[in-house]
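Structural features, examined
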Amino acid sequence: MVRYAVLLLLPAMSATAVAQPGALDRLRAMQATPAASRAAIAQGKQAAFFCVNCHGEDGNSHIPEVPSLAGQNPAYLVEQMRKFGSGERRDQFMQGLIKVLKDEERAQIALYYGAGKPQPGTANAALAARGKGKFEQICAACHGPQAHGSDTIPRLAGQKVAYLEISITRYRNRSGERNDPLMAAATAKLSKNEISALANYLASLN
Ligand code: HEC
Ligand code: HEC
């Protein structure tokens, strides 16, 4: 855990270095009072008019490879939008789409989806049972015992199985779409079957 504590400082330091605190600052201001938060959520719903085609009307996706955003931690969502915008996270479609959003819209959309109610995902019960032990052993320390994450660590509970499998495999393979030193270390020794079991376990949580 001491080693992880040191690693946890790295993303914060690099974010300062590229000096792009815009959307996160706006998010913090919107979160400061219930009234500001309510107003931002209403504006976020409008700004997300196009996003709902894939991520679902209420943020619960019905497409296996598209992540649900309902109940996701807003600061995490803002950070992922920043990464798509800068090209640190690669997905041709999302990169193009996010670039045109203003910082204010990114913060509003993150709050809107974050306030959504996540629906339990669909999972294979036998595989899910096999993933529980590994999750508790390797992942729960950061993602939380119920996989709800925290301010900057993503919620995984109820997420789509296919999206989870793809994402975990990308971190493990360091294939370039998503680079994160913590996740690369946590997934380095996982087999394909273990990744599938973990994904089904996470999808089964809510
Ligand atoms: C055509 C379908 C489509 C549309 C429309 C779309 N997205 Fe996405 N989005 C995706 C896919 C697919 C991914 C997963 C990309 C990957 O594998 O890394 C994604 C990922 C994301 C993520 C990362 C979530 C996470 O858990 O890390 C965020 C945030 C996001 N989209 C926000 C938006 C916003 C905001 C809009 C509207 C402006 C939008 N998306 C519109 C398909 C879409
Ligand atoms: C040391 C802390 C840490 C550990 C341990 C850890 N994670 Fe993560 N995880 C993170 C962070 C930080 C991110 C966000 C990285 C980024 O920006 O791409 C993340 C992102 C993810 C994502 C992407 C979520 C999304 O919505 O796109 C998945 C899936 C994931 N982790 C699964 C796991 C699994 C499964 C394990 C155990 C095998 C695990 N994590 C262990 C810190 C951790």
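For the structure itself, consult the block above.
Residues numbered from 1 in each chain as written. Chains lettered and ligands numbered in written order. Predicted model: local features only at pLDDT ≥ 70, side-chain atom pairs only at ≥ 80, totals over all residues. Heavy atoms only, no water.

Residues in contact with ligand 2 amount to 22 residues; listed here are only the nearest, Cys139, Cys142, His143, Tyr163 and Met183. In this structure, an oxygen atom belonging to ligand 2 sits 3.1 Å away from a side-chain N or O atom of Tyr76. Measuring from an oxygen atom of ligand 2, one finds a side-chain N or O atom of Lys83 at 2.7 Å. At the level of elements, helix H5 (74–86), helix H8 (125–143), helix H9 (161–173) and helix H10 (181–187) are the ones that each hand at least two residues to the shell around ligand 2. Of the residues that constitute the shell around ligand 2, the class distribution is 16 nonpolar, 3 polar and 3 charged. (Near = heavy atom within 4 Å. Polar contact = N/O pair within 3.5 Å; in protein donor to acceptor, adjacent residues only side chain to side chain. Helix = DSSP H or I, 4+ residues; strand = E, 2+ residues; numbered from the N terminus. Nonpolar A, V, L, I, M, F, W, Y, C, P; charged D, E, K, R; others polar.)

The next thing to look at is the site of ligand 1. Lining the immediate environment of ligand 1, one finds 22 residues, of which Cys51, Cys54, His55, Tyr76 and Met94 sit closest. Contacts to ligand 1 include Arg170, whose side-chain N or O atom sits 3.0 Å from an oxygen atom. Elements supplying a minimum of two residues to the shell around ligand 1: helix H4 (52–55), H5, helix H6 (92–99) and H9. Looking at the shell around ligand 1 element by element, the count peaks at 4 residues for H5. Its residues placed into classes, the shell around ligand 1 shows 15 nonpolar, 2 polar and 5 charged. Two domains share the shell around ligand 1, each providing at least three of its residues, namely domain 1 (20–114) and domain 2 (125–204). (Domains from an automatic or database assignment.)

This next bit is on the environment of Glu65. Residue placement: Glu65 occurs in the loop between H4 and H5. For the pair Glu65 and Ala162, spaced 97 residues apart in sequence, the C-alpha to C-alpha distance is 5.5 Å. When residues no more than four places from it in sequence are discounted, the contact partners of Glu65 are Ala162, Tyr163 and Ile166. (Contact = heavy atoms within 4.5 Å.)

As a further point, take the coordination of the iron atom of ligand 1. Taken together, the protein donors to the iron atom of ligand 1 comprise His55 (NE2) and Met94 (SD), at separations of 2.0 to 2.4 Å. For the iron atom of ligand 1, the 6 donor atoms are set out with angles of 82 to 179° between them, so the coordination reads as octahedral. Of this pair, His55 sits in helix H4 while Met94 is found in helix H6, placing the two residues 39 residues apart along the sequence. (Donors = N, O, S within 2.8 Å, 3.2 Å for Na, K, Ca; no water. Tetrahedral: all angles 85-135°; square planar, octahedral: opposite > 155°, others 65-115°.)

Looking now at the side chain of Gln80. As for its position among the elements, Gln80 is in helix H5. Under the relative-accessibility criterion, Gln80 is labelled buried at 9%. (Buried < 20%, exposed > 50% of the residue type's maximum accessible area, 1.4 Å probe, protein only.)

Relative to the helices and strands, Asn73 resides in the loop between H4 and H5. Only 2.8 Å separates the side chain of Asn73 from the backbone oxygen of Ile153, close enough to count as a polar contact. Setting aside chain neighbours within four positions, we find Asn73 in contact with His148, Gly149, Ser150, Asp151, Ile153, Pro154 and Arg155.

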